[in-house]
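# Structure at a glance
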Amino acid sequence: MHDVLRTRVNDFAVKLANVNGTGSASANGLLMQAIFRMGIPVCGKNLFPSNIQGLPTWYEIRVNKDGYSARALDYDLMVAMNSQTYDRDIKEVRPGGYLLYDSSWPLDPDLHREDITFLGVPLAEMCNQHFEDPRARILMKNIAYAGAMVATLDIDMEVVNALLEEKFAGKKALHESNRKALQLGYQYAKDHFECPLPFRLEKMDSNQGKILIDGNTATALGAIYAGCTVAAWYPITPATSVMDGFKAFCEQYRKDPETGKNNYLILQAEDELAAIGMVLGASWNGARAFTSTAGPGLSLMNELLGFGYYAEIPAVVVDVQRVGPSTGMPTRTQQSDLLLAAYASHGDTRHILLFPANPHECFHFAVKAFDLAERFQTPVIMMSDLDIGMNDWVVPRLSWDDAYRPDRGRILDAEDLEKKIGKFQRYHNEDENFVAARTLPGVSEKGSYFTRGSGHNKFGGYTEMPDEYQEVMDRLKKKHAAAAKFIPEPELLRREGARFGVIAMGGCDPAVREALDQLERQGTPADYLRVRGFPFGEVVEKFLAEHDFCFVVEQSRDAQLRSLLTLETAVAKDKLRSVLVYGGFPLSSRHVVQGILSQL
């Protein structure tokens, strides 16, 4: 096995097991960034608990020269820093692999495996000798194991040192302690192990024009570029960093250069229900406004999302999905808010949804969400998830067209009202997309109207007459269907000799693409459709019609994407087969391959 591993350059997976709250994130991030700067395709998955400290946490780094970025399930190197999970962690090392552990304490003989190599580094002992502060001893132990990995994996030390200098610029004491800890681990590994290991890194040039970014940061930046100036929210995992990022960008870019005054408003509401109310109020007044939340918050927003749909008020909601129901597992990922979002509210309601698959799309879809919300005068929900939102992804550098102008939709100003409109009627004279013109408060007396969440006719007047109510509701349905032409086109990947189709959305994309490559090499080619929004358009209908059957890969127990496809397209239910993985960890290609082959 070791001879096979010697041929493996830039193609391996590492898992780091630690205790939450001990500062391991800094060390893991340092390793991830160093590999990225070496020009090597890499992905990192942070599998962390929902408490502040004390429970197990893992970080997975996958290096793949071909650019595959889905989660790996076979680990060539395990860094075991949590004695409570030793048994589990050691079992996950692939035969012929390696386990690096803190040998300051002896390892239980019952944990020994003949088919892996144990690398003992006395991390605690070294840090106790070289650092006096108790907290520093804990924190520096992580940097020391990072140093050992720099040696064993052949990470470029110049790159690592440059990262330390950037991170601790102006903090001489912290820089020195981190440098010292790094060198302790590095030198111990060099002195005691054969370095590098049979799998190693070698510089490439695959990251030109690419960046390392998480989806929540990219979403916040997209909101800035879209012209958003108002946000209301209530803190919730895993969406909080969306608003943290938006606030930081606003502080940098939304200040008047002459007066120094803020040109933005961010409100932390008392709950999510209040937050969406504030967003609707700001949007009704003409501002671009949004809120970020997760499943429990979206549940609370249902009534007012229905109000926005029926009264036809723009709003943008970013739903960073997590595991439910109820509190569920707040720090695990899933796609189980789909049906909740599509039909959010009581009564007959349909919302426009966007499904980004990575941080690059989070940036561009955030902009698209504001344009769609104002063009169609309705709430738009962007469906991200924890894996996309909180993990670092290698994506193409974000680009921007300076010619972009926000699509504000049909807004009548004072001149329009005076010259073009005899009498303004809020929900009458719709355009080809079934959207009626709106006005903003204070523009003109001729544009005033009463905004109703109760029964109203097409003129905006109160009604309880069946025909008048149905006329408005029928137009709203047509308006939603018309939006299909404006959402991002599905991604379509065809293979010669394809026997069936595969459909997925969002963060499933990397695993599905890798799985389809594996299936093709095994003689089972398949076509692939990634839906990027709802309502579904002609491309989705055509893909479903031209295949005898399709597998729908998704991260929900109840096959929500499959359900939505059967509800909203002409496809027969028995033509769709499910591959469901919903335990909370990011999807792996192995799950997809096994799920498909088991049904073929």
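Thresholds, definitions, all that
Residues numbered from 1 in each chain as written. Predicted model: local features only at pLDDT ≥ 70, side-chain atom pairs only at ≥ 80, totals over all residues. Heavy atoms only, no water. Domains from an automatic or database assignment. Buried area = accessible area lost by both parts, 1.4 Å probe. Salt bridge = Lys/Arg side-chain N within 4 Å of Asp/Glu carboxyl O. Phe/Tyr/Trp six-rings, centres within 6.5 Å; stacked < 30°, edge-to-face > 60°. Helix = DSSP H or I, 4+ residues; strand = E, 2+ residues; numbered from the N terminus. Buried < 20%, exposed > 50% of the residue type's maximum accessible area, 1.4 Å probe, protein only. Pairing = 2+ DSSP bridges. Right-handed = clockwise from strand over helix to strand, strands pointing away. Disulfide = S-S within 2.5 Å.

Time to look at the domain arrangement of the chain. Taken domain by domain, the chain comprises domain 1 (8-200), domain 2 (213-396), domain 3 (411-470) and domain 4 (491-597). On a C-alpha basis, the centres of domain 2 and domain 4 stand 27 Å from each other. The contact between domain 2 and domain 4 buries some 2,100 Å² in all, and 58% of this surface belongs to carbon and sulfur atoms. Looking at the side of domain 2 facing domain 4, the largest losses of area belong to Gln335, Leu338 and Phe355, adding up to 31% of the total buried there. Where domain 2 meets domain 4, there are three salt bridges.

All told, the structure shown has 17 aromatic pairs when counted by the stated rule. Geometrically, the ring pair formed by Phe363 and Trp400 is edge-to-face, given 6.1 Å between the ring centres and 75° between the ring planes. Residue Phe363 is found in helix α14 (residues 359-376), and its partner Trp400 is found in the loop between β16 (392-396) and β17 (411-412); the two are separated by 37 residues along the sequence. Three or more aromatic residues joined by ring pairs make a cluster, and in this case those are Tyr225, Phe363, Trp400 and Tyr404.

Here we come to the pairing of strand β6 (residues 93-102). Burial within β6 is extensive, with eight of its ten residues counted as buried. Note: strand β5 (residues 75-80) against β6, five bridges, orientation parallel. Among the inter-strand pairings, Met78 is bridged to a residue of β6, identified as Leu99. Read from β5 through helix α3 (residues 86-91) to β6, the crossover connection turns out right-handed. Of the pairings in the sheet, the one linking β6 to strand β7 (residues 117-121) comprises five bridges and is parallel in character. Its bridge partner lying in β7, Tyr101 is registered against Gly120.

Scanning the entire structure with this criterion turns up zero disulfides. No disulfide involves Cys508; its sulfur sits 14 Å from that of Cys362, the nearest cysteine. In this structure Cys508 comes out as buried when scored by relative accessible area, which is 0%. Counting only cysteine sulfurs, Cys508 is the nearest neighbor of Cys550, a cysteine outside any disulfide, at a range of 15 Å.

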